[in-house]
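Working through the structure, step by step
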Amino acid sequence: MKTIVAISTPIGAGGIGIVRVSGQDARKIADAVFFKKGQGVGEILKENPLKMTFGTFQGDGFTDKGYAVFFPANNSFTGEDTVEFYLHGGVRIMQGAVSTITTKGAVPAEAGEFTKRAYLNGRMSLSDAEGVADMIHAESSAGIRAAYRMMQGGVASKINEIMDDLLTVLATLEASLDYPEEMEDEIMPALDNALPRVLARVHTLAQSFYMGRIAKHGVDVVIAGEPNVGKSSLLNALVGENRAIVTDVAGTTRDTVTARAEVGGVMLNLTDTAGLRDSDDLVESIGVERALKAIEGADVVVYVLDGTKDTTPEDIVTSGKVIYVYNKCDKDGFSAKTEGDNVFEVSAMKGIGVDRLASAIASVYEEGAYDSDLITSQRHVSALKSAISSIEHAILHKNDTIDCVLIDLREAYNYLGEITGATATEDIVDSIFSKFCVGK
Amino acid sequence: MKNTFDVIVIGAGHAGVESAFAVQRLGKQVLLSCTDFGTVAYMACNPAIGGTAKGHLVREIDALGGEMGLTADQSLVQIKMLNRAKGPAVFSLRGQQDKNHYHEIMLEKLRSKENITLVEKEAVEVIVEEGKAKGVRFSDGYVAYAGAVVLAAGVYLNGRIITGDYVLSSGPSGYAPANGLTDNLIALGLPIRRFKTGTPARIYRDSIDFSKMEIQLGEHADRFSFMSKASTFEEEPCYLTYTNEETHKIILDNIHRSPLYNGSISGVGPRYCPSIEDKVVRFMDKSRHQIFVEPEGLHSDEMYVQGMSSSLPHDVQEKMYRTLPGLENCRFAKYAYAIEYDCIDPLALKPSLETKAVENLFAAGQVNGSSGYEEAGAQGLMAGVNAVRKIEGKTPFILRRDEAYIGVLIDDLVTKGTNEPYRMMTARAEHRIKLRQDNADMRLTEIGYELGLVSEERYKALLDKKAQMAEIVKESKKTVQKELAEEILTKWGEPLSRKTPTLEDMMKRPNAVLEDVKSLIPFEVDDEALNSVIIECRYSGYLEKEEGIVREQKRLEDKLLPEDIDYFSIKALRIEARQKLDKIRPLNLGQASRISGVSPADIAVLIVYLQKMNR
């Protein structure tokens, strides 16, 4: 069975979150994503089962310090080798960890799948099984509603278009296998053209996941800058102006402050960071290090400068968009030292220019959202990626006999069907009879 | 006349015959009834056995000790391996048969078996006591008793033959229908439906001008049965001709006279067996349709016109057939007709083919909503085996989808049901790379031997083949002589390799030819064994992947669902899932997961429920 991964704690509010990986590759995956002193922790976990190992989670585009624990098959909930990661519980880190782990060979778990495996392996020990069943049911109906809402948009039609395209290829080839004589007059699809075309379309859809994630979880905004330039005031101003605080959690283990604000229907996940400066103070330097990491993985970095002083921005490393804010525009001696579309002048204390800034931050979402076809679920991305790999295999082996090429193509169709609920066999049989005049 | 048997089989078509042979092989006494001896193993439609997916079924029936393959080999007129260029998973044998000879051989075999009592009687009632089938009452008053009954009534239940507005109460080819049994089945609680199928006209051979058609010859191919030796037989050609615009015009001008279009047929017809009027109406853009003209038998006076099935009135049939090149002056021996019949909704059956409503009553073949001789034969064999196992108190014999096409066929019928006569297709077998016709014996003969279906002789043949394959596999790791390898690779048009290739490397080449591979092996090898090794070797990557998928699925198949489970009490299941599960009553979680309307979340709920029950 494939190794599965899921976030096991509620997303968002908690300071600490748990990501659980179950399956035969669990430890191998841990070795590839979790490091102690620069070394993968595979061996350490093996020798220290059921013990917490402190180390660094190396995600795609972020790192986080935390703990990993290895539960060998005979000691785990699922009855399979399991590794749990205890990381900082923000949306970005939790999602990022799952996403990273899926690139190492795990697939996102279905609702209730950990329980299912526990049962299949004869390991389930539940005091109230009925309660768990109700929970699975509730989760799945919530999932169904969410999926249904998603399908209202362009995604459903995009996937259906791709599947139709693939189905035409499939049905024609399958019909030629089941009706070799009747199909002699029909033109067989040129795999050389058809498959790369399908592949490109699946790729495009998979890429929309990034924007889809923003639609679901909001824009991760990091406010950075030197100490005392007004970062905290700006955070308060952004939240206050919009009067839409959802949560306001002071990190107990961290020196960052997070808050959420809604601007024009887009959720901003705001993080205030420690001022960037060299420091001999241990606590402060850890804070700075954390700030740099937050900057690296942000969707938007709001770099705040004191407009009354003669300073220019430092170079920062980030994969997100950078917006420069010259604060204290209400004060004497204020002047912005740079200009451009991404430069704003505000007064955090007086609330001047904050609205305009908020809209600019939120527009990161809108810029990407010109196309409404958004893939929002990690599970769907995983299905698309699996389909991609099946199609790629088919292209690579297109000179094998048709019965083999069809194994990959049917598999690809079934992966896409995981999103829409369609299955290859029934669709193919229906399609053969609707498209071709076969049968005696 | 004796009136006590172990099993009674109603109907002696392709399902009933295999059923009776299976019961007999298991050492039990069987009463086999038919309305007319002429209907025994009668090929009521095309004079051919096998074809895509159906050829696989014949080989599987054969691997389990059944008669269809052997009898087909003995009555061949022509044989072909279809799909040779498309890969070993879809290689399929198709034989043209002498249909009368096929019938005669089967009849003789039945009569030669002491344990089989073949009678010409019409069954009118299945006798049921305390929910169990106990025997059968026949129209002449005769009553027979048995531990189990197999219903294999084909298309004879309330059969109606229709051409235009002419409707005749009849079975196929003028044989009498069986009108007495349906009411009894309904009373027993079996859901009855009305299906429809059809057959083309038979044309007198001497009225056809074959010079205007393309001749179609057979080839030197394998035989259906693993036990048949490739002996010679007298061959007969088939012919190919086409419909044309004039044919289509006649059909469209008279379409109002078709019972399918004027509403006098209510039965559901199969999409894969369309009448010519169906094809013309649905595919208006096609300017012609292929028509194969096949002999009904060696030197038979009648030719079967494949592709021209129709329910139009006789006068229209004559006009349209005569538009075909070669048939301008044709005379009709039999007109084409549509036939409507009663059948059981297969969702009312267990995977053992026992009915859910009546214990010890089994059903097989077209009466279960399937179509085709091969589909019928496969079900007949399984029903026969399971009838015997039931009276012996043994667990039913069920083949999984990854073990056999037979498994796919029965699982599809009893899990998904069907809204039209069900035809086997390779597209339905998701594990088809495993379910090849070349390895049917490797998959099933050992199982058949353990069940008691397979003779010592056949079992020994399997062991020999396995031993040979092991020898070849051992040899395949060795390198072959370099010069010889290069010579052969050049001949195949394959690039030379830097290292001296092993025999395995040679077998993996896409253009490898069996004869040349054979010349590289220093001992005598059987073609069949070598062929299987080459296929397994060349497709090892795909086969391993498939194995992984099968292993995963098997974990669900191994989790059994209790028969008496009350799905309506499991509130966490969605309502639709509760209803479907209650109706179909799957044997295990794997089968449950294939029911349409049962979601993965419902399966998770069932898993939890099972866990709770087990403690």
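All values reported here derive from a predicted model rather than from experimental measurement. (Residues numbered from 1 in each chain as written. Chains lettered and ligands numbered in written order. Predicted model: local features only at pLDDT ≥ 70, side-chain atom pairs only at ≥ 80, totals over all residues. Heavy atoms only, no water.)

A word on the sheet that holds strand 16 (residues 238-242) of chain B
Pairing between the strands of a sheet is mediated by backbone hydrogen bonds and can be parallel or antiparallel. Residue and element names in this part refer to chain B. The cut-off we apply is this: Here, any two strands with at least 2 DSSP bridges between them count as paired. In DSSP terms, a helix is any run of H or I states spanning at least four residues, a strand is any run of E spanning at least two, and both are numbered starting from the N terminus. Helix axes are fitted to C-alpha atoms over the stretch in contact, other axes to C-alpha atoms as well, and angles between N-to-C directions run from 0 to 180 degrees.
If you trace the six strands from one edge of the open sheet to the other, you get 15-16-17-18-14-19, paired in antiparallel fashion. The open sheet terminates on both sides in strands that have one partner only, identified here as strand 15 (214-216) and strand 19 (332-334). The sheet shows a mean angle of 35° between the axes of neighbouring strands, direction not considered. Inspection of the sheet shows strand 14 (residues 202-204) paired to strand 19 by two bridges, in the antiparallel sense. Bridging across to strand 19, Arg202 finds its partner in Lys334.

Notes on the interface of chain B and chain A
Let me state the cut-off plainly: Whether two residues touch is decided by their heavy atoms; if any such pair falls within 4.5 Å, the residues are in contact. A quick way to say it: buried area is the sum, across both parts, of accessible area lost when two parts are put together, with a 1.4 Å probe. Any Lys or Arg side-chain nitrogen located within 4 Å of an Asp or Glu carboxyl oxygen qualifies as a salt bridge.
Between chain B and chain A, the residue contacts involve 56 residues of the former and 56 residues of the latter. For the pair chain B and chain A, the summed buried area comes to about 5000 Å², and 56% of that belongs to carbon and sulfur atoms. Three residues stand out in chain B for area buried against chain A, namely Lys86(B), Tyr542(B) and Arg555(B), and they jointly supply 13% of the buried area on that side. In this structure, the connection of chain B to chain A is made through four salt bridges.

What about the domain arrangement of chain B?
In many reports, interface size means the accessible area that the parts give up when they come together. Rule in force here: Each domain's limits were defined by an automated method or a database of domain assignments.
Assigned domains of chain B: these are domain 1 (7-197 + 341-451), domain 2 (202-337), domain 3 (478-543) and domain 4 (559-613). Computed from C-alpha atoms alone, the centre-to-centre distance between domain 2 of chain B and domain 4 of chain B is 47 Å.

Side note on the sheet that holds strand 5 (residues 92-97) of chain B
Residue and element names in this part refer to chain B. Taken in spatial order, the three strands of this open sheet run 3-5-4, and their pairing is antiparallel. Each of the sheet's edge strands pairs with one partner strand only, and the pair in question is strand 3 (48-50) and strand 4 (76-82). Going across the sheet, the axis of each strand differs from the next one's by a mean of 20°, ignoring polarity. The pairing of strand 3 with strand 5 spans three bridges and is antiparallel. Bridge pairing in strand 5 places Gly50 opposite Arg94. Running at roughly 75° to strand 3, helix 2 (residues 54-63) makes contact with strand 3 and strand 5 of the sheet.

Notes on unusual backbone geometry
All names here are of chain A. Convention followed: Exposure categories follow from relative accessible area, calculated using a 1.4 Å probe and restricted to protein chains: below 20% of the type maximum is buried, above 50% is exposed, and the middle band is partly exposed.
The phi dihedral of Lys37 is positive, around 50°, even though this residue is not glycine. As for its position among the elements, Lys37 is in the loop between strand 3 (34-36) and strand 4 (39-40). The class of Lys37 is exposed, set by a relative accessible area of 80%.

What to know about helix 3 (residues 91-103) of chain A
Residues and elements named next belong to chain A. This is how the line gets drawn: One less than the residue count of a helix, multiplied by 1.5 Å, gives the span that helix is expected to have.
The end-to-end C-alpha distance of helix 3 is 18 Å, a good match for the 18 Å that 13 residues give at a rise of 1.5 Å each. For helix 3, a buried count of ten out of 13 residues is recorded, marking the element as mostly surrounded by other parts of the structure. Every buried residue of helix 3 is listed here: Val91, Ile93, Met94, Gln95, Gly96, Ala97, Val98, Thr100, Ile101 and Thr102. Following helix 3 by one or two positions, Gly105 adopts a phi angle in the positive range, close to 115°.

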